[in-house]
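# Examination of the molecular architecture
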Amino acid sequence: MYKIYDTVDEVARYTAQRLLNRIQARPDPVLGLATGSTMEPVYAQLITELRKTPVDLSRLTTFNLDEYIGLDGSHAQSYRYYMCQNLFNKVNIAQDRVHLPDGLVEDVEGACQAYSATIKALGGLDLQLLGIGSNGHIGFNEPHTCFSSRTHVVRLSEQTRIDNGRFFSTRAEVPTHALTLGIQDILEAKEILLVATGRNKARIMAELFHTPVDEALPASALKLHSNVTIVLDREAAAQLPPQVSSGGGLAAAVAGPEISMAEGAVASTK
Ligand code: GLP
């Protein structure tokens, strides 16, 4: 299902509300969290909501999607640091229930297996929050990652290193490898929210809409899942067929744009 809003603020409000709903739906919720610029307003909104209406987060467990290899959690560009700055340090979340892959771990294989296994042991992710890379990656699952993958090491593509280079002072500082939850782990989440904002995401969102399930476009794996919501602002939705409906399913897009267009109703959920 697509949800298309006029502004980034509205995207953040909707997404934060969906996270809150999930958190409140059961006493010990398990969330899959994402990083990136797209999620900053989402977490800011979530914090605002939690200040207005406090919710007990003491039994919330979180698993982040990914982490750079070689960066310590105190490095300003590590995803652990990002999560502490943008969320964990600002809400009453239990720090021992927060999980991120460890970018400095020695037994990488063992740590990867344990990461996926821990999620399973807890009954799986209730909701997985996702951003998207300009090449269609989800987490750090780069194009041609096997859809049956579990947590693993990836070599970052040149495109990803260029895109993420904006956060580092020189290109040489951008890590070459990362740890990421696998596509299969992501697909096992009960519910998935993919969020994209800004005109830089318009091309990949159109490509995702038109591409059938294909390992060359990692996010197309989401077409195999029955409970995915794609939340966009107008800029990110700009290259979608004009009448992609807010209720239109992503799976329907596999068969071609006509289906969603025929449904007619309009994108704006304002
Ligand atoms: C990184 C992360 C992804 C994220 C993507 C988009 O590569 N590994 O999980 O979805 O960036 O980031 P942004 O929101 O900054 O465009």
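See the structure printed just above.
Residues numbered from 1 in each chain as written. Predicted model: local features only at pLDDT ≥ 70, side-chain atom pairs only at ≥ 80, totals over all residues. Heavy atoms only, no water.

### Side note on the layout of surface pockets
Convention followed: Using a 1 Å grid laid over the protein atoms alone, points where a 1.4 Å probe fits but cannot get out form a cavity; open sets with protein on both sides within 12 Å along at least 5 of 7 lines form a pocket; any residue with an atom within 4 Å of a point counts as lining. Grid points are joined across faces, edges and corners, and a volume is the space filled by probe spheres set on the points. Think of it this way: any DSSP run of H or I at least four residues long counts as a helix, any run of E at least two long counts as a strand, and we number them from the N terminus. Residues are grouped as follows: Ala, Val, Leu, Ile, Met, Phe, Trp, Tyr, Cys and Pro are nonpolar; Asp, Glu, Lys and Arg are charged; all remaining types, including Gly, are polar.
Estimated volume of the largest pocket: approximately 760 Å³. Around the largest pocket, the lining is made up of 39 residues, and of these Gly36, Ser37, Asn164, Arg166 and Phe167 lie nearest the centre. For the lining of the largest pocket, the secondary structure elements donating two or more residues are α2 (39-52), β4 (66-68), α3 (79-86) and α5 (158-164). Considering every element that reaches the lining of the largest pocket, the biggest residue donor is α3, with five residues. Across the lining of the largest pocket, the residue classes tally to 15 nonpolar, 17 polar and seven charged.

### Quick notes on the packing of α2 against α3
To keep it simple, the criterion reads: Comment: axis = line fitted to C-alpha atoms, over the contacting stretch for helices; angle = value between 0 and 180 degrees taken between N-to-C directions. Contacts are residue-level and defined by heavy atoms, with any inter-residue pair within 4.5 Å sufficient.
Interhelical geometry of α2 versus α3 gives an angle of 35 degrees and a closest axis separation of 10 Å. Counting all contacts with α2, which are made through Met39, Glu40, Tyr43 and Ile47, the residues of α3 involved are Tyr82, Met83 and Asn86.

### Quick word on empty space enclosed by the protein
Taken as a whole, this structure holds one cavity of 30 Å³ or more when the rule is applied. Computed from the structure, the largest cavity encloses a volume of approximately 70 Å³. Lining of the largest cavity is provided by Leu19, Ile23, Leu31, Leu33, Leu46, Leu50, Leu57, Leu60, Thr62, Leu87, Val91 and Ile93. Looking at the lining of the largest cavity, its residues break down into 11 nonpolar, one polar and no charged.

### Description of the site of the ligand
The condition that has to hold: Throughout, the term near means that a residue has one or more heavy atoms lying within 4 Å of the molecule or strand in question. Polar contact is the term for a pair of N or O atoms within 3.5 Å; when the atoms are in protein, one must be able to donate a hydrogen and the other to accept it, and sequence-neighboring residues count only if both atoms are side-chain atoms. Working definition of accessibility: Shrake-Rupley area with a 1.4 Å probe, residue cover restricted to the visible protein chains. The rule for placing a molecule in a cavity or pocket is simple: more than half of its atoms must lie within 2 Å of the grid points.
Surrounding the ligand, one finds 13 residues, the nearest of these being Ser37, Thr38, Asp66, Arg166 and Lys201. Contact between the ligand and Ile132: an oxygen atom at 3.3 Å from a main-chain N or O atom of the residue. Protein chains bury 94% of the 390 Å² of accessible surface belonging to the ligand in isolation. One can see that the ligand is located within the largest pocket. The residue inventory of the shell around the ligand, partitioned by class, reads three nonpolar, seven polar and three charged.

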